[in-house]
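Listed below, chain by chain, are the residues.
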Amino acid sequence: MQKIRNIAVIAHVDHGKTTLVDGLLKQSGTYGSHEQVNERAMDSNALEKERGITILSKNTAVRYGDHKINIIDTPGHADFGGEVERVLKMVDGALILVDAYEGVMPQTKFVVKKMLALGIKPIVVINKIDKPSADPERVVDEVFDLFVAMDATEDQLDFPIVYAAARDGIAKMDMSEPDGDFKCLFDTILDKVPEPTGDAGNSTQLQVFTLDYDNYVGKIGIARIFNGKIAKGDNILLAKADGEMVKGKISKLIGFLGLNRMEIQEAEAGDIVAVAGIETVDVGDTICDPQNPMPLDPMHIEEPTLTVVFSVNDSPLAGQEGKHVTANKIRERLDAEMNTNVAMRYETVGEGKFIVSGRGELQITILAENMRREGFEFGIGRPEVIVKEIEGVKCEPFEHLVVDLPAENAGTIIERLGRRKAEMTAMVPMGEGFTRVEFEIPARGLIGFRGQFLTDTKGEGVMNHSFLEFRPYTGSVESRQYGALISMEDGVALAYSLFNLQDRGVLFVNPQTKVYKGMIIGEHSRTNDLDVNPIKGKAQSNVRSSGADEAIKLVPPRDMNLERALEWIEDDELLEVTPISIRIRKRWLDPSDRKRYGAKK
């Protein structure tokens, strides 16, 4: 029986999970001396590298002495909470990272609640102790209070604490000690995390917690072996969540070490492996022995709370920039996404339209951004929350929102959120002129709020939210205050006309940008929409006058990336997404159509 420990690294977004895993990989001697390793090596996807966030949970393994430690790095963003919940069922211990200044944040609360309910004993790592404003003692008290509030058992409350600066590879058991390396963290893991239960002699039981996809071998299920052994070439039974049993054969068995995956011949209880060869495998399914099938409980997967409509691009500039523009191509790409992403769903509605449901705006914009980079061209509507009927009452999702902001902006933000039906539940001074305010708010109220929030706090505010529950519907919520500047002509925007338009509002386009009738080129400074002509050139005449040729000075346009644009649009507007540009347009391009449909509404 090999000596194994299975741990998950969980924390709020940006508290240093992936950096800590980097340190564990380096200091365990897993990398050879010749290997060149990037920072945040576990964030393999291009978007993860750019944004500095983890989107998909990933697993690795390190050898420390004669032990193998399986480590799962989880996402910290609320939109990917479903990933964390599943991962926790696969491990026997958890490293909870908490930032030594920010302390306990909404996502920390969310993951701690899930972890305590599963009876896992945590190791608390107070990270970033090298920050000038760090206050580790206060943060330890906050973590203890959180555990008490979440009904932790006596054993769970007696948690070990490691103080670390993961970026520099420093860890110690007491703040008064000199800086050491991660040896104390490895020793704590071996000492405090229990060995996996289960016996190699029992009937085989593996449960799948993450999916991967490979063009050669198809769907891959990453699973933990709870009992028995598994070998390449074994015949197995796959127990689905609905009770169906499917026969299959393991065509490939993959083990993990460092950043490498290698083919192995067999593995036994306690280990985490990847299996290929079963096309119908899904998250939560059990792979069991055909002679003595004993399925494990299927997993609960978090419900989506937002929907957005993806459609074929039908603008006048359609098909000029993208490679994949047809409904069939978009459908194939959404099918491929559903193969590995269990928190999302989609259905076809009408010709070339697909309703995609997910956990939040970030999850949906990441799908759209990935599709755009792969050469797709499509339209996206405004996100809408999923409304359910529970016991005859119309209910909508509510979020727990936490904002950290300069104290002088608190009044403005509380007032703005009040208009969006938010209820304030707590307000705590954070020191250094910052205040933390907590709210309960309908998820609808958060759509389109982030841009306004950053403007009001001059970019210094930080907002985080996590799903709370479904509650009775709260009536209409205030949305965007300003109208749009809409192009009334097809052509190319000219500096002369943009110069004259910039007094009317904030522009989104540069000179020489292609525009078309019905495309939105800026935000109006008033509440109504305004049709404007951005392609009008200067009338030429052969008479010279002294003041006529003043230099044209243009204010740089507002940069509308995918997320900002998706938050900005209203119900009668669409986003046209291509590999090169993101354009905002009216759903009905012709002004008379807009009036007619507006009157109907």
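Residue positions are counted from 1 within each chain, in the order its sequence is given. It should be noted that, the model being predicted, local features are given only for residues of pLDDT at least 70 and side-chain atom pairs only at 80 or more, the latter also being counted only at that level, while totals for whole chains, interfaces and linings use all residues. To obtain the side-chain values, all non-hydrogen atoms of the structure were used and water was disregarded.

Enquirer: Even after reading the chapter, I still don't get empty space enclosed by the protein, so can you show me in this structure?
Expert: One simple way to see leftover space: roll a probe sized like a water molecule over the atoms. Grid points spaced at 1 Å over the protein atoms alone were grouped into cavities, where a 1.4 Å probe fits but cannot get out, and pockets, open sets with protein on both sides within 12 Å along at least five of seven lines, with lining residues defined by an atom within 4 Å of a point. Grid points are joined across faces, edges and corners, and a volume is the space filled by probe spheres set on the points. Counting across every chain of the model gives 1 cavity of 30 Å³ or more. The space that makes up the largest cavity amounts to roughly 30 Å³. Surrounding the largest cavity, S311, V312, N313, D314, G379, L574, L575, E576 and R585 form its lining. Labels follow the DSSP assignment, with helices taken as runs of H or I lasting at least four residues and strands as runs of E lasting at least two, numbered in each case from the N terminus. Every element with two or more residues in the lining of the largest cavity is listed here: β18 (306-312) and β34 (573-577). Within the lining of the largest cavity, the residues separate by chemical class into 3 nonpolar, 3 polar and 3 charged. For this classification, Asp, Glu, Lys and Arg are treated as charged, while Ala, Val, Leu, Ile, Met, Phe, Trp, Tyr, Cys and Pro are nonpolar and the rest, including Gly, are polar.

Enquirer: Got a minute to help me understand the pairing of β34 in this structure?
Expert: Successive side chains on a regular strand alternate, one facing one side of the sheet and the next facing the other. In this scheme, a residue with accessible area under 20% of its type's maximum is buried, one over 50% is exposed, and one in between is partly exposed, where area comes from a 1.4 Å probe on protein chains only. In terms of burial, β34 is a largely internal element, 5 of the 5 residues being buried. Because side chains alternate across β34, one face comprises the buried residues E573, L575 and V577, and the other comprises L574 and E576, equally buried. What makes two strands pair is DSSP finding at least two bridges between them. Sheet topology places strand β21 (residues 378-380) next to β34; 3 bridges connect them, and they run antiparallel. Along β34, the bridge assignment pairs G379 with E576. Pairing geometry for β34 and strand β35 (residues 582-586), over 5 bridges, is antiparallel. When the bridges of β35 are listed, V577 appears paired with I582. From the end of β34 to the start of β35, which pair antiparallel, there are 4 residues.

Enquirer: Would you explain the pattern of salt bridges in this entry?
Expert: Opposite charge on two side chains makes pairing possible when the charged atoms of those side chains draw close. Salt bridge criterion: a side-chain nitrogen from Lys or Arg within 4 Å of a carboxyl oxygen from Asp or Glu. This model, assessed by the stated rule, comprises 36 salt bridges. E263 is the partner of K232 in a salt bridge, and the nearest nitrogen-oxygen pair spans 3.4 Å. Note that K232 is positioned in the loop between β10 (229-231) and β11 (235-239) and E263 in strand β14 (residues 260-263), a separation of 31 residues in sequence. The partly exposed category is assigned to E263, whose relative accessible area is 44%. The residue D590 makes a salt bridge to K517 at a minimum N-O spacing of 3.6 Å. Of the two residues, D590 sits in the loop between β35 and α15 (591-600) while K517 sits in the loop between β31 (514-515) and β32 (519-524), which places them 73 residues apart along the sequence. On the accessibility criterion, D590 (27% relative accessible area) is partly exposed.

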